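Listed below, chain by chain, are the residues.
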Amino acid sequence: MSSFRIGAHVDAADAVAQAKAIGADVAQVFVGDPQAWKVAGPAYPGGSEALRADAEAAGLDLYVHAPYVINVASTNNRIRIPSRKLLQQTMDAAAAIGAKGVVVHGGHVTGKDDPAVGFDNWRKAIDALETDVPVLIENTAGGDFSMARRLERIEQLWAAVQRANGAENVGFTLDTCHAWAGGMDLATAADEVRAITGRIDLVHANDSRDDAGSGADRHAHFGEGSIPEDLLVGVVAAAGAPVVCETHGDMAPDIAWLRERLG
(Lines give C-alpha, C1' and ligand atoms only; values in the text may rest on other atoms or scores of the structure.)
Protein backbone atom coordinates (compact mmCIF):
# COMPACT_ATOMS: atom_id res chain seq x y z
CA MET A 1 0.00 0.00 0.00
CA SER A 2 1.55 3.29 -1.09
CA SER A 3 1.99 5.98 1.54
CA PHE A 4 1.55 8.61 -1.18
CA ARG A 5 -1.80 10.34 -1.48
CA ILE A 6 -2.57 10.31 -5.19
CA GLY A 7 -5.48 11.80 -7.12
CA ALA A 8 -6.47 13.89 -10.09
CA HIS A 9 -8.08 17.07 -11.31
CA VAL A 10 -11.85 16.49 -11.35
CA ASP A 11 -15.01 18.43 -12.14
CA ALA A 12 -16.07 20.42 -9.07
CA ALA A 13 -19.75 19.73 -9.83
CA ASP A 14 -19.23 16.01 -9.18
CA ALA A 15 -15.88 16.04 -7.42
CA VAL A 16 -16.41 13.50 -4.65
CA ALA A 17 -18.14 10.87 -6.80
CA GLN A 18 -15.56 11.27 -9.58
CA ALA A 19 -12.70 10.95 -7.11
CA LYS A 20 -14.19 7.78 -5.62
CA ALA A 21 -14.72 6.29 -9.08
CA ILE A 22 -11.05 6.67 -10.04
CA GLY A 23 -9.62 5.66 -6.67
CA ALA A 24 -8.33 9.13 -5.77
CA ASP A 25 -7.24 10.29 -2.30
CA VAL A 26 -6.77 13.83 -3.58
CA ALA A 27 -8.99 15.98 -5.82
CA GLN A 28 -8.06 19.25 -7.48
CA VAL A 29 -10.90 21.48 -8.69
CA PHE A 30 -11.62 24.85 -10.22
CA VAL A 31 -13.94 27.14 -8.26
CA GLY A 32 -15.18 28.87 -11.41
CA ASP A 33 -14.33 29.17 -15.09
CA PRO A 34 -10.50 28.94 -15.33
CA GLN A 35 -10.50 31.47 -18.17
CA ALA A 36 -12.80 34.02 -16.47
CA TRP A 37 -12.11 37.01 -14.24
CA LYS A 38 -14.59 36.03 -11.55
CA VAL A 39 -15.04 33.22 -9.06
CA ALA A 40 -18.50 31.72 -9.11
CA GLY A 41 -17.77 29.12 -6.43
CA PRO A 42 -17.82 25.36 -7.00
CA ALA A 43 -20.76 24.12 -9.07
CA TYR A 44 -21.39 21.41 -6.48
CA PRO A 45 -24.92 20.50 -5.33
CA GLY A 46 -25.37 22.26 -2.00
CA GLY A 47 -22.45 24.60 -2.65
CA SER A 48 -19.19 25.00 -0.79
CA GLU A 49 -20.40 23.67 2.56
CA ALA A 50 -21.71 20.46 1.00
CA LEU A 51 -18.49 19.89 -0.96
CA ARG A 52 -16.42 20.44 2.17
CA ALA A 53 -18.56 18.05 4.23
CA ASP A 54 -18.74 15.35 1.55
CA ALA A 55 -14.98 15.49 0.91
CA GLU A 56 -14.24 15.19 4.63
CA ALA A 57 -16.62 12.25 4.95
CA ALA A 58 -14.90 10.55 1.99
CA GLY A 59 -11.39 11.18 3.38
CA LEU A 60 -10.63 13.27 0.30
CA ASP A 61 -8.08 16.10 0.35
CA LEU A 62 -9.14 19.05 -1.83
CA TYR A 63 -6.89 21.47 -3.70
CA VAL A 64 -7.95 24.39 -5.89
CA HIS A 65 -6.29 25.41 -9.14
CA ALA A 66 -6.49 29.18 -9.59
CA PRO A 67 -7.77 30.59 -12.91
CA TYR A 68 -5.21 30.59 -15.72
CA VAL A 69 -5.76 34.30 -16.40
CA ILE A 70 -4.07 35.31 -13.13
CA ASN A 71 -0.67 36.95 -13.62
CA VAL A 72 0.26 38.87 -10.49
CA ALA A 73 3.80 39.40 -11.85
CA SER A 74 2.59 41.55 -14.75
CA THR A 75 3.76 45.15 -15.05
CA ASN A 76 0.46 45.99 -16.77
CA ASN A 77 -1.95 47.47 -14.21
CA ARG A 78 -4.95 46.20 -16.21
CA ILE A 79 -3.72 42.63 -15.70
CA ARG A 80 -1.94 42.81 -12.34
CA ILE A 81 -4.66 44.55 -10.32
CA PRO A 82 -7.54 42.30 -11.48
CA SER A 83 -5.20 39.31 -10.96
CA ARG A 84 -4.70 40.22 -7.30
CA LYS A 85 -8.43 40.66 -6.81
CA LEU A 86 -9.16 37.34 -8.50
CA LEU A 87 -6.50 35.57 -6.45
CA GLN A 88 -8.09 36.85 -3.23
CA GLN A 89 -11.53 35.67 -4.38
CA THR A 90 -10.03 32.27 -5.22
CA MET A 91 -8.39 31.99 -1.81
CA ASP A 92 -11.71 32.83 -0.12
CA ALA A 93 -13.54 30.20 -2.20
CA ALA A 94 -10.82 27.64 -1.40
CA ALA A 95 -11.14 28.33 2.32
CA ALA A 96 -14.90 27.78 2.08
CA ILE A 97 -14.42 24.22 0.77
CA GLY A 98 -11.61 23.40 3.21
CA ALA A 99 -8.94 23.22 0.50
CA LYS A 100 -5.37 22.44 1.56
CA GLY A 101 -3.88 24.84 -0.96
CA VAL A 102 -4.39 26.94 -4.09
CA VAL A 103 -2.15 26.29 -7.09
CA VAL A 104 -1.15 29.48 -8.93
CA HIS A 105 1.04 29.69 -12.03
CA GLY A 106 4.20 31.75 -11.61
CA GLY A 107 3.22 34.20 -14.34
CA HIS A 108 5.50 36.30 -16.52
CA VAL A 109 6.62 39.77 -17.53
CA THR A 110 7.34 40.98 -21.10
CA GLY A 111 10.67 41.21 -22.90
CA LYS A 112 10.76 44.97 -22.21
CA ASP A 113 10.48 44.50 -18.43
CA ASP A 114 13.10 43.97 -15.77
CA PRO A 115 12.26 40.55 -14.26
CA ALA A 116 13.01 42.01 -10.82
CA VAL A 117 9.81 44.05 -11.12
CA GLY A 118 7.83 40.86 -11.69
CA PHE A 119 9.36 39.20 -8.64
CA ASP A 120 8.58 42.26 -6.53
CA ASN A 121 5.01 42.29 -7.83
CA TRP A 122 4.71 38.75 -6.45
CA ARG A 123 5.93 40.03 -3.07
CA LYS A 124 3.30 42.78 -3.13
CA ALA A 125 0.59 40.28 -4.09
CA ILE A 126 1.43 38.02 -1.14
CA ASP A 127 1.63 41.08 1.12
CA ALA A 128 -1.91 42.06 0.11
CA LEU A 129 -3.51 38.61 0.49
CA GLU A 130 -5.70 37.85 3.47
CA THR A 131 -5.90 34.08 3.79
CA ASP A 132 -4.89 31.07 5.87
CA VAL A 133 -4.89 28.79 2.82
CA PRO A 134 -1.41 28.16 1.36
CA VAL A 135 -0.58 29.71 -2.02
CA LEU A 136 1.24 27.00 -3.99
CA ILE A 137 3.27 28.60 -6.80
CA GLU A 138 3.65 26.24 -9.77
CA ASN A 139 6.61 26.02 -12.13
CA THR A 140 5.69 26.66 -15.77
CA ALA A 141 6.78 25.00 -19.01
CA GLY A 142 7.53 27.84 -21.40
CA GLY A 143 8.31 31.49 -21.85
CA ASP A 144 11.67 33.27 -21.74
CA PHE A 145 10.23 35.89 -19.42
CA SER A 146 8.39 33.59 -17.02
CA MET A 147 8.85 33.87 -13.27
CA ALA A 148 8.99 30.15 -12.49
CA ARG A 149 10.26 28.16 -15.48
CA ARG A 150 13.95 27.82 -14.62
CA LEU A 151 15.63 27.23 -11.28
CA GLU A 152 17.41 30.59 -11.22
CA ARG A 153 14.10 32.39 -11.71
CA ILE A 154 12.42 30.27 -9.03
CA GLU A 155 15.28 31.26 -6.71
CA GLN A 156 14.74 34.96 -7.41
CA LEU A 157 10.97 34.61 -7.06
CA TRP A 158 11.35 32.78 -3.77
CA ALA A 159 13.71 35.42 -2.37
CA ALA A 160 11.09 38.07 -3.20
CA VAL A 161 8.07 36.31 -1.68
CA GLN A 162 10.03 35.49 1.47
CA ARG A 163 10.11 39.23 2.17
CA ALA A 164 6.31 39.43 2.16
CA ASN A 165 3.95 39.35 5.11
CA GLY A 166 2.43 35.88 4.89
CA ALA A 167 5.58 34.33 3.39
CA GLU A 168 5.08 31.28 5.60
CA ASN A 169 1.85 30.66 3.68
CA VAL A 170 3.62 30.34 0.31
CA GLY A 171 4.43 26.84 -0.91
CA PHE A 172 5.41 25.14 -4.15
CA THR A 173 3.76 22.87 -6.72
CA LEU A 174 6.19 20.88 -8.86
CA ASP A 175 4.71 19.92 -12.24
CA THR A 176 6.67 17.09 -13.87
CA CYS A 177 5.58 17.89 -17.44
CA HIS A 178 6.38 21.59 -16.99
CA ALA A 179 9.77 20.79 -15.45
CA TRP A 180 10.66 18.45 -18.32
CA ALA A 181 9.45 20.84 -21.03
CA GLY A 182 11.00 23.80 -19.21
CA GLY A 183 14.43 22.24 -19.32
CA MET A 184 14.91 21.04 -15.74
CA ASP A 185 16.77 17.80 -15.08
CA LEU A 186 14.10 15.55 -13.55
CA ALA A 187 16.75 13.40 -11.89
CA THR A 188 17.64 16.30 -9.61
CA ALA A 189 14.63 18.66 -9.93
CA ALA A 190 12.93 17.81 -6.62
CA ASP A 191 16.13 18.22 -4.60
CA GLU A 192 17.08 21.43 -6.42
CA VAL A 193 13.64 22.97 -5.92
CA ARG A 194 13.61 21.98 -2.26
CA ALA A 195 17.07 23.49 -1.81
CA ILE A 196 15.59 26.81 -2.97
CA THR A 197 12.13 26.72 -1.38
CA GLY A 198 12.62 24.40 1.58
CA ARG A 199 9.41 22.63 0.61
CA ILE A 200 7.37 20.91 -2.08
CA ASP A 201 3.70 20.91 -1.10
CA LEU A 202 2.11 19.26 -4.13
CA VAL A 203 3.16 17.40 -7.27
CA HIS A 204 1.37 17.64 -10.60
CA ALA A 205 2.37 14.27 -12.05
CA ASN A 206 2.03 14.30 -15.82
CA ASP A 207 3.89 12.77 -18.74
CA SER A 208 4.81 15.15 -21.58
CA ARG A 209 3.78 14.90 -25.21
CA ASP A 210 6.85 16.91 -26.21
CA ASP A 211 10.60 16.61 -25.79
CA ALA A 212 12.75 17.88 -22.93
CA GLY A 213 13.32 21.63 -23.11
CA SER A 214 10.58 22.11 -25.74
CA GLY A 215 8.77 24.75 -23.69
CA ALA A 216 5.46 23.09 -24.65
CA ASP A 217 2.83 22.51 -21.94
CA ARG A 218 1.22 19.35 -23.35
CA HIS A 219 0.34 16.70 -20.81
CA ALA A 220 0.18 13.01 -21.71
CA HIS A 221 -0.97 9.90 -19.87
CA PHE A 222 1.81 7.91 -18.20
CA GLY A 223 3.67 5.74 -20.68
CA GLU A 224 2.34 7.68 -23.67
CA GLY A 225 4.68 10.66 -23.48
CA SER A 226 8.38 11.38 -23.79
CA ILE A 227 9.47 11.29 -20.12
CA PRO A 228 11.33 8.05 -19.25
CA GLU A 229 9.44 6.04 -16.65
CA ASP A 230 12.32 5.94 -14.17
CA LEU A 231 12.67 9.74 -14.25
CA LEU A 232 8.94 10.30 -13.87
CA VAL A 233 8.54 7.92 -10.93
CA GLY A 234 11.81 9.12 -9.42
CA VAL A 235 10.90 12.81 -9.33
CA VAL A 236 7.48 12.09 -7.77
CA ALA A 237 9.09 9.86 -5.14
CA ALA A 238 11.81 12.42 -4.40
CA ALA A 239 9.25 15.21 -4.01
CA GLY A 240 7.43 13.21 -1.34
CA ALA A 241 4.25 15.29 -1.57
CA PRO A 242 0.58 14.62 -2.42
CA VAL A 243 0.08 13.98 -6.13
CA VAL A 244 -2.47 15.29 -8.63
CA CYS A 245 -2.61 13.87 -12.18
CA GLU A 246 -3.93 16.32 -14.76
CA THR A 247 -4.28 14.72 -18.19
CA HIS A 248 -7.66 14.85 -19.97
CA GLY A 249 -9.65 11.63 -20.02
CA ASP A 250 -9.93 8.71 -17.62
CA MET A 251 -7.43 9.21 -14.82
CA ALA A 252 -7.99 5.87 -13.06
CA PRO A 253 -5.23 4.09 -15.07
CA ASP A 254 -2.75 6.90 -14.32
CA ILE A 255 -3.46 6.75 -10.58
CA ALA A 256 -3.10 2.97 -10.60
CA TRP A 257 0.10 3.18 -12.71
CA LEU A 258 1.72 5.56 -10.25
CA ARG A 259 0.57 3.72 -7.13
CA GLU A 260 1.99 0.46 -8.45
CA ARG A 261 5.40 2.01 -9.09
CA LEU A 262 5.71 4.10 -5.94
CA GLY A 263 5.13 0.98 -3.81
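Rules used in this analysis
Here the residue index of a chain counts from 1 through its sequence in written order. Selection of residues for local features in this predicted model requires a pLDDT of at least 70, selection of side-chain atom pairs for listing and counting requires 80 or more, and totals for whole chains, interfaces and linings are taken over all residues. As a rule here, side-chain values come from all non-hydrogen atoms in the structure, and water together with hydrogens is ignored. For our purposes a nonpolar core is just a set of buried Ala, Val, Leu, Ile, Met, Phe, Trp, Tyr and Cys residues, chained together by side-chain atoms within 4.5 Å. Exposed residues in this analysis have more than 50% of their type's maximum accessible area, buried residues have under 20%, and partly exposed residues fall in between, with area computed by a 1.4 Å probe over protein chains only. We call two residues in contact when some of their heavy atoms are within 4.5 Å. Helix numbering and strand numbering both begin at the N terminus, where a helix is a DSSP run of H or I of at least 4 residues and a strand a DSSP run of E of at least 2. Counted as positive: Lys and Arg. Counted as negative: Asp and Glu. His and the chain ends are not counted at all. Criterion for a salt bridge: a side-chain nitrogen of Lys or Arg within 4 Å of a carboxyl oxygen of Asp or Glu. A helix is expected to span 1.5 Å for every residue after the first. Polar contact is defined as a pair of N or O atoms within 3.5 Å, subject to the rule that within protein one atom must be able to donate a hydrogen and the other to accept it, and that residues adjacent in sequence are counted only when both atoms are side-chain atoms. Axis definition: a line fit to C-alpha positions, over the contact stretch in the case of helices; interaxial angles, taken between N-to-C directions, run 0 to 180 degrees. For classification purposes, an angle smaller than 35 degrees is called roughly parallel, one larger than 145 roughly antiparallel, one from 65 to 115 roughly perpendicular, and anything else oblique. In this scheme the crossing of two helices becomes right-handed for a clockwise turn of the near helix relative to the far one and left-handed for an anticlockwise turn of less than a right angle. When residue character is reported, Ala, Val, Leu, Ile, Met, Phe, Trp, Tyr, Cys and Pro are called nonpolar, Asp, Glu, Lys and Arg charged, and the others, Gly included, polar. Pairing between strands is defined by DSSP: at least two bridges between them are needed.

1. Looking at the nonpolar core
Step number 1: Core analysis: the biggest nonpolar cluster contains 79 residues, and W122, V243 and L258 have the highest contact counts within it.
Step number 2: In this structure, V243 is in contact with F4, R5, I6, G7, V26, L202, V203, A205, V236 and L258, ignoring residues within four places of it in sequence.
Step number 3: Of all hydrophobic cores here, the second largest spans six residues; its members include Y63, V103, L202 and V244.

2. Description of the side chain of D175
Step number 1: With respect to the secondary-structure elements, D175 resides in strand β6 (residues 170-175).
Step number 2: Buried charge without a salt bridge: D175, with R149 as the nearest opposite-charge side chain at an N-O distance of 12 Å.
Step number 3: In this structure, D175 is in contact with E138, N139, H204, N206, H219 and E246, ignoring residues within four places of it in sequence.

3. Examining the pattern of salt bridges
Step number 1: Throughout the structure, instances matching the rule amount to nine salt bridges.
Step number 2: When the shortest N-O distance is used, the salt bridge between D201 and R199 registers 2.8 Å.
Step number 3: Where salt bridges share partners, they join D120, R123, K124 and D127 into one cluster.

4. A short note on the side chain of T140
Step number 1: Checked against the element boundaries, T140 lands in the loop between β5 (135-138) and α5 (151-161).
Step number 2: The exposure class of T140 is buried, given its relative accessible area of 12%.
Step number 3: The contact partners of T140, leaving out residues within four places of it in the chain, are H105, G106, S146, A148, R149 and H178.

5. Structural notes on helix α4 (residues 115-128)
Step number 1: An ideal rise of 1.5 Å per residue puts 20 Å on 14 residues; α4 measures up with 20 Å between its terminal C-alpha atoms.
Step number 2: All buried positions along α4 are accounted for by G118, F119, N121, W122, R123, A125 and I126.
Step number 3: Check the buried side of α4 and you find it contacts α3 (77-96), β4 (102-105), β5, α5 and β6.
Step number 4: The distance from a side-chain oxygen at the start of α4 to the backbone nitrogen of A116 is 2.9 Å, and the residue carrying that oxygen is D114.

6. Brief notes about the packing of α3 against α4
Step number 1: Close contact between α3 and α4 brings their axes to 10 Å; oriented N to C, the two are set at 40°. The orientation of α3 relative to α4 falls into the category oblique. Judged by the twist between their axes, the crossing of α3 over α4 is right-handed. Counting all contacts with α3, which are made through R80, R84 and Q88, the residues of α4 involved are N121, K124, A125 and A128.
Step number 2: For the contact of α3 with α4, the class distribution of residues is two nonpolar, two polar and three charged.

7. Details of the sheet that holds strand β7 (residues 202-204)
Step number 1: Read around the barrel, eight strands follow the order β1-β2-β3-β4-β5-β6-β7-β10 and close on themselves; strand pairing throughout is parallel. Here the strands of the sheet are splayed against their neighbours by 30° on average, with no regard to which way each runs.
Step number 2: Bridge count for strand β1 (residues 6-9) against strand β10 (residues 243-245) is three bridges, and the pairing is parallel. In the sheet register, A8 faces β10, and the bridge partner there is C245.

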